[in-house]
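Observations on the three-dimensional arrangement
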Protein chains: 2
Amino acid sequence: MTGEHSSKQYDADLETIRSKVLLMGGLVEKQFQDAIEVFRSGNVEIGERIIKDDVQVNHMEIELDNACSHLIVRRQPTANDLRTVMATIKVITDLERVGDEAAKIARIAIQLHKRGLSTINHFETVHVIADGAMDQLHNALDALARLDEKEAIQLIKHDDVIDKDFGFIMRNVITYMMEDPRTISAAMDTLWVAKAIERIGDHAKNIAEYVIYIVEGKDIRHTDYAATQIDSGA
Amino acid sequence: MTGEHSSKQYDADLETIRSKVLLMGGLVEKQFQDAIEVFRSGNVEIGERIIKDDVQVNHMEIELDNACSHLIVRRQPTANDLRTVMATIKVITDLERVGDEAAKIARIAIQLHKRGLSTINHFETVHVIADGAMDQLHNALDALARLDEKEAIQLIKHDDVIDKDFGFIMRNVITYMMEDPRTISAAMDTLWVAKAIERIGDHAKNIAEYVIYIVEGKDIRHTDYAATQIDSGA
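Below is a short write-up of the structure. From a predicted model like this one, the values you see are computed outputs, not experimental measurements. (Residues numbered from 1 in each chain as written. Chains lettered and ligands numbered in written order. Predicted model: local features only at pLDDT ≥ 70, side-chain atom pairs only at ≥ 80, totals over all residues. Heavy atoms only, no water.)

**A look at the overall build of chain A**
- Broken down by element type, chain A carries seven helices and zero strands.
- Listed by position from the N terminus, the elements making up chain A come as α-α-α-α-α-α-α.
- Taking the principal axes of its C-alpha atoms as reference, chain A extends roughly 75 × 45 × 20 Å.
- For chain A, the residues scored as buried account for 55% of the 234 residues in total.
- Summed over its atoms, the accessible surface of chain A is roughly 10,200 Å², and 51% of this surface lies on carbon and sulfur atoms.
- For chain A, the distance from the average site of its 27 positive side-chain charges to the average site of its 40 negative ones is 2 Å. (Helix = DSSP H or I, 4+ residues; strand = E, 2+ residues; numbered from the N terminus. Buried < 20%, exposed > 50% of the residue type's maximum accessible area, 1.4 Å probe, protein only. Areas by Shrake-Rupley, 256 points an atom, 1.4 Å probe, with all protein chains shown as cover. Lys, Arg positive; Asp, Glu negative; His and termini not counted. Charge placed at Lys NZ, Arg CZ, Asp CG, Glu CD.)

**Observations concerning the environment of His-59 of chain B**
- Its location among the elements puts His-59 of chain B in helix 2 (residues 44-75).
- Linking His-59 of chain B and Glu-96 of chain B, residues 37 residues apart in sequence, is a C-alpha distance of 9.4 Å.

**Quick word on the relation of the copies chain A and chain B**
- Each copy superposes on the other: chain A lies on chain B with an RMSD of 0.0 Å after a rotation of 180 degrees and an axial shift of 0.0 Å. When the rotation and shift are considered jointly, the pair of chain copies conforms to a two-fold rotation axis.
- Both copies present the same face, since 98% of the interface residues in chain A are matched by interface residues at the equivalent positions in chain B. (Least-squares fit on C-alpha atoms with pLDDT ≥ 70 in both. Contact = heavy atoms within 4.5 Å.)

**Topic: the interface of chain A and chain B**
- On the side of chain B, 41 residues touch chain A, which itself brings 42 residues to the contact.
- Regarding the contact of chain A and chain B, the summed buried area is about 3,600 Å², with carbon and sulfur atoms giving 62% of it.
- The largest share of the area that chain A buries against chain B comes from Met-86, Trp-192 and His-222 of chain A, three residues that together contribute 17% of it.
- Taken together, chain A and chain B are joined by four salt bridges.
- Residues Arg-199 of chain A and Glu-101 of chain B are paired through a salt bridge, measuring 3.7 Å at the closest nitrogen-oxygen approach.
- Inspection of the region where chain A meets chain B yields five residue pairs in polar contact (both at pLDDT 80 or more).
- Elements represented by at least two residues in the side of chain A that touches chain B include exactly helix 2 (44-75), helix 3 (79-115), helix 5 (149-179) and helix 6 (184-216) of chain A.
- Take the side of chain A that touches chain B: its biggest share by element is eleven residues, from helix 3 of chain A. (Buried area = accessible area lost by both parts, 1.4 Å probe. Salt bridge = Lys/Arg side-chain N within 4 Å of Asp/Glu carboxyl O. Polar contact = N/O pair within 3.5 Å; in protein donor to acceptor, adjacent residues only side chain to side chain.)

**With respect to the packing of aromatic side chains**
- Overall, the coordinates contain three aromatic pairs over all chains when judged by the stated rule.
- Ring plane angle 65 degrees and centroid distance 5.9 Å describe the contact between Trp-192 of chain A and Phe-166 of chain B, whose orientation is recorded as edge-to-face. In this pair, Trp-192 of chain A is assigned in helix 6 and Phe-166 of chain B in helix 5 (residues 149-179), connecting two distinct chains.
- Here the aromatic rings of Trp-192 of chain A and Trp-192 of chain B are separated by 5.3 Å at their centres, their planes lie at 80 degrees, and the arrangement is edge-to-face. Separated into two different chains, Trp-192 of chain A in helix 6 and Trp-192 of chain B in helix 6 (residues 184-216) make up a pair that spans both.
- Residue class for Trp-192 of chain A comes out buried when judged on its relative accessible area of 9%.
- Clustering of aromatic rings is evident, with ring pairs tying together Phe-166 and Trp-192 of chain A together with Phe-166 and Trp-192 of chain B.
- Between the NZ or CZ atom of Arg-83 of chain A and the centre of the ring of Tyr-213 of chain A, over which it lies, the distance is 6.0 Å. (Phe/Tyr/Trp six-rings, centres within 6.5 Å; stacked < 30°, edge-to-face > 60°. Lys NZ or Arg CZ within 6 Å of the ring centre and 35° of its normal.)

**A short note on the environment of Ile-105 of chain B**
Residues and elements named next belong to chain B.
- Within the element layout of this structure, Ile-105 appears in helix 3 (residues 79-115).
- Under the relative-accessibility criterion, Ile-105 is labelled buried at 0%.
- Sequence spacing of Ile-105 and Ala-67 is 38 residues, and the spatial spacing of their C-alpha atoms is 30 Å.
- Not counting the four nearest positions on each side in its chain, Ile-105 is found in contact with Phe-32, Ala-35, Ile-36, Val-193, Ala-196, Ile-197 and Ile-200.

**Structural notes on helix 5 of chain B**
- Over its 31 residues, helix 5 of chain B extends 46 Å from the first C-alpha to the last, a length consistent with the 45 Å expected when each residue adds 1.5 Å.
- The backbone nitrogen of Lys-150 of chain B lies 3.1 Å from a side-chain oxygen of the residue at the head of helix 5 of chain B, namely Asp-148 of chain B. (Expected span 1.5 Å × (residues − 1).)

**Considerations on the nonpolar core**
- Formed by 154 residues in total, the largest nonpolar core has its most connected members in Met-177 and Ile-197 of chain A together with Met-177 and Ile-197 of chain B.
- Discounting residues that sit within four places of it in the chain, Met-177 of chain B has contacts with Met-177, Ile-184 and Met-188 of chain A together with Thr-183, Ile-184, Ala-187 and Met-188 of chain B. (Core = buried A, V, L, I, M, F, W, Y, C linked by side-chain atoms within 4.5 Å.)

**Structural notes on the pattern of salt bridges**
Residue and element names in this part refer to chain A.
- Overall, the coordinates contain 38 salt bridges over all chains when judged by the stated rule.
- A salt bridge links Arg-75 to Asp-13; the nearest nitrogen and oxygen atoms lie 2.8 Å apart. Of this pair, Arg-75 sits in helix 2 while Asp-13 sits in helix 1 (residues 2-41); the two residues are 62 residues apart in sequence, bridging distant segments of the chain. Asp-13 shares its class with Arg-75; the two are buried.
- The salt bridge involving Asp-34 is made with Lys-30; its shortest N-O contact spans 2.8 Å. With Asp-34 and Lys-30 both in helix 1 and four residues apart, the pair spans about one turn of that helix.

If you want it as structure tokens, here you go:
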């Protein structure tokens, strides 16, 4: 009976942590969306709020790490249960980094718009990759919420598209710069934004890998697991 | 007696993990040094070995994560002991990322040298920041090995220098590109290498923060703790 009681307590504690992680996920997703909006519109007010709210994201990271520690000490999970906690700890780190990248985009966007626009249409340049990364992050959080392995696998396969988009933007921006060297500073800013977006896509992929780890117990980091699963029709 | 026995076993297991983490640290430090050497010399053979050995770094990450999980399940550490394990799990992630950045530098270096050198002295451009980041990584691993809080604090304060070096390189490279647009592609490659080096500096800083967390139990992520400590003469 004690075992069952303890296991129920563990489930309840874990569910509390999971809700908070998803809350944190929702917050950084909003931060990312807003940052892209600032890059489009140059709205300094929203930009400064993103930078301010990143402090809240950082606090959430520390608080959730502590909650995971307490869970382990109090409930002494089995190997199987611990797997979920370990994966959660890694997810928290990725979410915090998404917050960092959003704040970085906001900072560059404010600076770029303050300097005045150049001949490059900055927003158009990153528009496609931003939409792609936003979908990836959204799907990763959805797969985490529903522990949906299939969605996680699909998402991992899609990461290649983000990488290709980034390569395309880089070649594009280099062409701009060569044609008109006066655009170089502004083009560089656009490129850093594209890089931050690409990294958010990477974090989404990491989260999806942890979802598969939680569901299957398979550590698929650094493998071509997703490709194999898709090919075999999973 | 059981408590003491279990605690001794815990210490022994933790020491084994710590040794392996330091071994992994030594490997990624070497990978980084070699990558900078490839960037200087264009030695394709070393470059390809770095990319190949990154697989080994990835395996170490998974193996050490598993060792930490087993330690928690078998030894059921107290809150205090668990802190060290949690920090170790985070350090492992940072070390793996250092390996990724080293492999990225190697890939760019090979590509750059295959294309033939431009008028930019690529190596000279990143020379100072590379030395700085190498010192930071070395000191972080040293602080981790000796659990030396003072060294960790010094290192965190020094991270500003790396960031300033990066800003300097960026302005420098933009000037090159404006003066001679034919150098743009090569200049961009140099900039990505500088960015990878700056990130390695960030990972060294993260590791130092975890050292302070292990020693003091204070979570100083996202604070100005280091600056305060230095000012008060600690």
